Amino acid sequence: RPRSGVSALKVPAIAFAIIAAPVAANAQGLVTTQKLSAALANELVGESVASCAKNGYKVVAVVVDLDGVRQAVLRGDGAPIHSMDNAYYKAYTIASLGLARKEETTKAIADRMAKNPPTTVPQTPLPNVTYAQGAIAITAGGQTIGGLGVSGAPGGNLDEDCARAALAKIKDRMK
């Protein structure tokens, strides 16, 4: 019989409770996430469309949060109707697939996939996903908080240029 007055069975139970307590406390509660304010998201799509319009490109710009929810959408004058969906798909792709590997553009995702060897696993298309160039990750404090997709210019590289120019204009206010 132990002399301390604590049975041998209670010691492991107490040790386990002390170790598990922080884990249990962290398993409950709230998760805090960041996203652009509505005003800043609207400004970002406006700047994207305006940047492309200066070069004669009629585009759509979409901002999504990390859940893939559209925060702001702007269809520039004369932008093709299919660009509505395509801009969203681009934004959704970078916000969802770029997050895990810290990829900053849909082009980076497409380049990585092109370098990987073919697989014998059948490829299943994911809904709302495209690997077309024209989206950039929206980051704050080194963390991705959303995606900006642009579609309608005569090349994904031009869509991406408009997105980068717009993000540069608001970057200092993302705090």
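In the block above lies the structure referred to throughout.
Residues numbered from 1 in each chain as written. Predicted model: local features only at pLDDT ≥ 70, side-chain atom pairs only at ≥ 80, totals over all residues. Heavy atoms only, no water.

S.K.: Which residues make up the side chain of Ser83, and what are the values?
M.R.: Tracing the chain through its elements places Ser83 in helix α3 (residues 82-101). With a relative accessible area of 0%, Ser83 lands in the buried category. Sequence-distant contacts of Ser83, defined by excluding residues within four places in its chain, comprise Val60, Ser151 and Gly152. (Helix = DSSP H or I, 4+ residues; strand = E, 2+ residues; numbered from the N terminus. Buried < 20%, exposed > 50% of the residue type's maximum accessible area, 1.4 Å probe, protein only. Contact = heavy atoms within 4.5 Å.)

S.K.: How would you summarise helix α5 (residues 156-170) if you had to cite specific residues and measurements?
M.R.: Helix length check: α5, at 15 residues, gives a terminal C-alpha distance of 22 Å against a target of 21 Å (1.5 Å per residue), a fit within 8%. Listed as buried for α5 are Asp159, Glu160, Cys162, Ala163, Ala166, Leu167 and Ile170. Along the long axis of α5, the arc covered by the buried residues comes to 160°, so they all point the same way. Residues of α5 that are buried make contact with α2 (38-54), α3, α4 (106-115), β3 (135-140) and β4 (143-151). (Expected span 1.5 Å × (residues − 1). Arc of directions from axis to C-beta.)

S.K.: Residues and numbers for the packing of aromatic side chains, please.
M.R.: Any pair of aromatic rings gets described here by the distance separating the centres and the angle formed by the planes. The final tally for this structure, using the stated rule, is two aromatic pairs. When the centroid spacing of 5.8 Å and the interplanar angle of 45° are considered together, the rings of Tyr88 and Tyr92 count as tilted. Here Tyr92 and Tyr88 lie together in helix α3, a separation of four residues that amounts to about one turn. The partly exposed category is assigned to Tyr92, whose relative accessible area is 22%. Within the aromatic cluster, the residues linked to one another by ring pairs are Tyr88, Tyr89 and Tyr92. Over the ring of Tyr88 we find Arg70, and its NZ or CZ is 3.6 Å from the ring centre. (Phe/Tyr/Trp six-rings, centres within 6.5 Å; stacked < 30°, edge-to-face > 60°. Lys NZ or Arg CZ within 6 Å of the ring centre and 35° of its normal.)

S.K.: Give me the lowdown on the pattern of salt bridges, citing residues and values where you can.
M.R.: Overall, the coordinates contain seven salt bridges when judged by the stated rule. Between Asp159 and Lys90 there is a salt bridge, with its nearest N and O atoms 2.9 Å apart. One end of the pair, Asp159, is in helix α5; the other, Lys90, is in helix α3, with 69 residues separating them in the sequence. In this pair, the class of Asp159 matches that of Lys90, namely buried. Asp111 is the partner of Lys107 in a salt bridge, and the nearest nitrogen-oxygen pair spans 2.8 Å. In this pair, Lys107 and Asp111 both sit in helix α4, four residues apart, roughly one turn of the helix. The class for Lys107 is partly exposed, based on a relative accessible area of 33%. (Salt bridge = Lys/Arg side-chain N within 4 Å of Asp/Glu carboxyl O.)

S.K.: Explain the sheet that holds strand β1 (residues 60-65) to me, and be specific about the residues and the numbers.
M.R.: Two pairing modes exist for strands in a sheet, parallel and antiparallel, and in both the strands are linked by backbone hydrogen bonds. The strand order across the open sheet built from four strands is β2-β1-β4-β3, with neighbouring strands paired in antiparallel fashion. Strand pairing shows two members of the sheet lacking a second neighbour, β2 (70-75) and β3, which therefore form its edges. Between one strand axis and the next, the sheet turns through 15° on average, direction left out of account. Pairing analysis gives six bridges linking β3 to β4, with the strands arranged antiparallel. Residue Thr139 lies in a different strand from β4, and its bridge partner there is Thr144. (Pairing = 2+ DSSP bridges. Axes fitted to C-alpha atoms, helices over the stretch in contact; angles between N-to-C directions.)

S.K.: Lay out a nonpolar patch on the surface in plain terms, naming residues and giving numbers.
M.R.: A cluster of nonpolar side chains, contributed by Met113, Leu126 and Tyr131, occupies part of the molecular surface with about 260 Å² of accessible area. Within the secondary structure, Met113 is located in helix α4. (Patch = residues over 30% accessible without salt bridge, like charges linked within 9 Å, V, L, I, M, F, W, Y side chains within 5 Å. Areas by Shrake-Rupley, 256 points an atom, 1.4 Å probe, with all protein chains shown as cover.)

S.K.: Explain the state of the cysteines residue by residue, including any values.
M.R.: Going through the model one piece at a time under the given rule, you end up with one disulfide. Between the sulfur atoms of Cys52 and its disulfide partner Cys162 the distance amounts to 2.0 Å. On the sign convention where negative is left-handed, the bridge of Cys52 and Cys162, at about 110° about the S-S bond, is right-handed. Highlighted residues: Cys52 in helix α2 and Cys162 in helix α5, separated in sequence by 110 residues. (Disulfide = S-S within 2.5 Å.)

Distances and angles like these do not, on their own, reveal function.
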